[in-house]
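# Notes for the structure review
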Amino acid sequence: MKGFLAGLLIAMLVLGIALVAATAGALGIAAVGWLLHHWFDLSQWQGSVIALAITFGLGWIIYKGLIQPTTPWSGFDLDDDDDDDDDWEDYEEEEPPIVPWRRSRPTPGNLPNETPAQKPSSGAKKRK
């Protein structure tokens, strides 16, 4: 029970920090909108929409330009298909070595013939 309450407390703390960060971001965009309203012939709503669009644009540029992707195929070149085929030609799957007890089997690789299933005796009851 203590683990559940501790997890719940941590979740509430993270949500509180996220709420504070979102409020600060929204107030920052509104403040930039207010500045654009006073500097140019715009309403505060129009200035805030412009500030929001610029914020999203800068965030996208930072995400695409500065943050390195963690996927291994991020530098994949679509025109470079021939090099991928060469890697598979050199790859050969080796078979594991034969263990001694298999090497000395009397029938290497041949399985004995299956015996037919025996019919129940006439006195046995059938199951339903």
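Numbering of residues begins from 1 in every chain and follows the order in which that chain's sequence is written. Residue-level local features of this predicted model are given only where pLDDT is at least 70; pairs of side-chain atoms are given and counted only at 80 or more, and the full residue set underlies all totals for whole chains, interfaces and linings. Derived side-chain values reflect all non-hydrogen atoms in the structure, with water molecules and hydrogen atoms excluded from consideration.

## Some words on the overall build of the protein
Formally: A run of H or I in DSSP counts as a helix once it spans at least four residues, and a run of E counts as a strand once it spans at least two, with each numbered from the N terminus. A 1.4 Å probe and the Shrake-Rupley method give the accessible areas. Residues count as covered only by the protein chains that appear here.
On a plain count of helices and strands, the protein comes out with four helices and zero strands. Along its sequence from the N terminus, the protein presents helices and strands in the succession α-α-α-α. A total accessible area of about 12900 Å² is found for the protein, and carbon and sulfur atoms account for 64% of it.

## Considering helix H2 (residues 44-65)
For an α-helix, the turn length of 3.6 residues means that residues three or four places apart are oriented alike. Defined as follows: Expected helix span is computed as 1.5 Å times (number of residues minus one). Each residue's exposure class comes from its accessible area (1.4 Å probe, protein chains only) as a fraction of the maximum for that residue type: buried when under 20%, exposed when over 50%, partly exposed otherwise. Note: the arc covers the axis-to-C-beta directions of the helix.
With 22 residues, H2 should cover 32 Å at 1.5 Å per step; its first-to-last C-alpha distance of 31 Å lies within 8% of that length. If you check which residues of H2 are buried, you get Gly47, Ser48 and Ala51. Viewed along the axis of H2, the buried residues span an arc of 95°, placing them on a single side of the element. Opposite the buried face of H2, at more than 90 degrees from it, the exposed residues are Trp45, Phe56, Trp60, Ile61, Tyr63 and Lys64.

## Section: the side chain of Ser48
This is how it is decided: Whether two residues touch is decided by their heavy atoms; if any such pair falls within 4.5 Å, the residues are in contact.
Secondary-structure assignment places Ser48 in helix H2. Assessed through its relative accessible area of 18%, Ser48 is described here as buried. Apart from residues lying up to four places away in sequence, Ser48 is in contact with Ile29, Ala30 and Gly33.

## Some remarks on a nonpolar patch on the surface
Stated precisely, the cut-off is as follows: Patch building starts from residues that exceed 30% relative accessible area and form no salt bridge, then joins like charges within 9 Å and nonpolar side chains (Val, Leu, Ile, Met, Phe, Trp, Tyr) within 5 Å. Definition used for salt bridges: Asp or Glu carboxyl oxygen within 4 Å of a side-chain nitrogen of Lys or Arg.
There is a patch of nonpolar side chains on the surface, built from Met1, Phe4, Leu5, Leu8 and Met12 and spanning about 600 Å² of accessible area. Structurally, the position occupied by Leu8 is in helix H1 (residues 2-39).

## Some remarks on the environment of Gly28
Within the fold, Gly28 resides in helix H1. Residue Gly28 is classed as partly exposed on the basis of its relative accessible area of 32%. In this structure the C-alpha to C-alpha distance between Gly28 and Ala51, which are 23 residues apart in sequence, comes to 9.1 Å.

## Comments concerning the packing of H1 against H2
Formally: Axes here mean lines fitted to C-alpha atoms, for a helix over just the part in contact, with angles spanning 0 to 180 degrees between N-to-C directions. Small angles under 35 degrees read as roughly parallel and large ones over 145 as roughly antiparallel, with 65 to 115 read as roughly perpendicular and the rest as oblique. We call a crossing left-handed when the near helix sits turned anticlockwise from the far one by less than a right angle, and right-handed when that turn is clockwise. Polar here means any residue outside two lists: the nonpolar Ala, Val, Leu, Ile, Met, Phe, Trp, Tyr, Cys and Pro, and the charged Asp, Glu, Lys and Arg; Gly therefore counts as polar.
One way to put it is that H1 packs onto H2 with a least axis distance of 7 Å and a crossing angle of 125°. Considering their axes alone, H1 and H2 lie oblique with respect to each other. Pair H1 / H2 crosses with right-handed handedness. Seen from H1, the contacting residues are Ile29, Ala30, Val32, Gly33, Trp34, Leu36 and His37; seen from H2, they are Gln44, Gly47, Ser48, Ile50, Ala51, Leu52 and Thr55. Taken together, the residues of the contact of H1 with H2 break down into eight nonpolar, six polar and no charged.

## Details of the confidence of the model for the protein
Caution applies to low-pLDDT parts of the model: their predicted coordinates are not meant to be read in detail. What counts here: Each residue gets a pLDDT score, which is the predictor's confidence in that residue and runs from 0 to 100.
Summing up the model confidence of the protein, the mean pLDDT is 77 and the portion of residues at 70 or higher is 61%. Taking the mean pLDDT of every element in the protein, the minimum, 56, falls on helix H3 (residues 82-90) and the maximum, 93, on H1.

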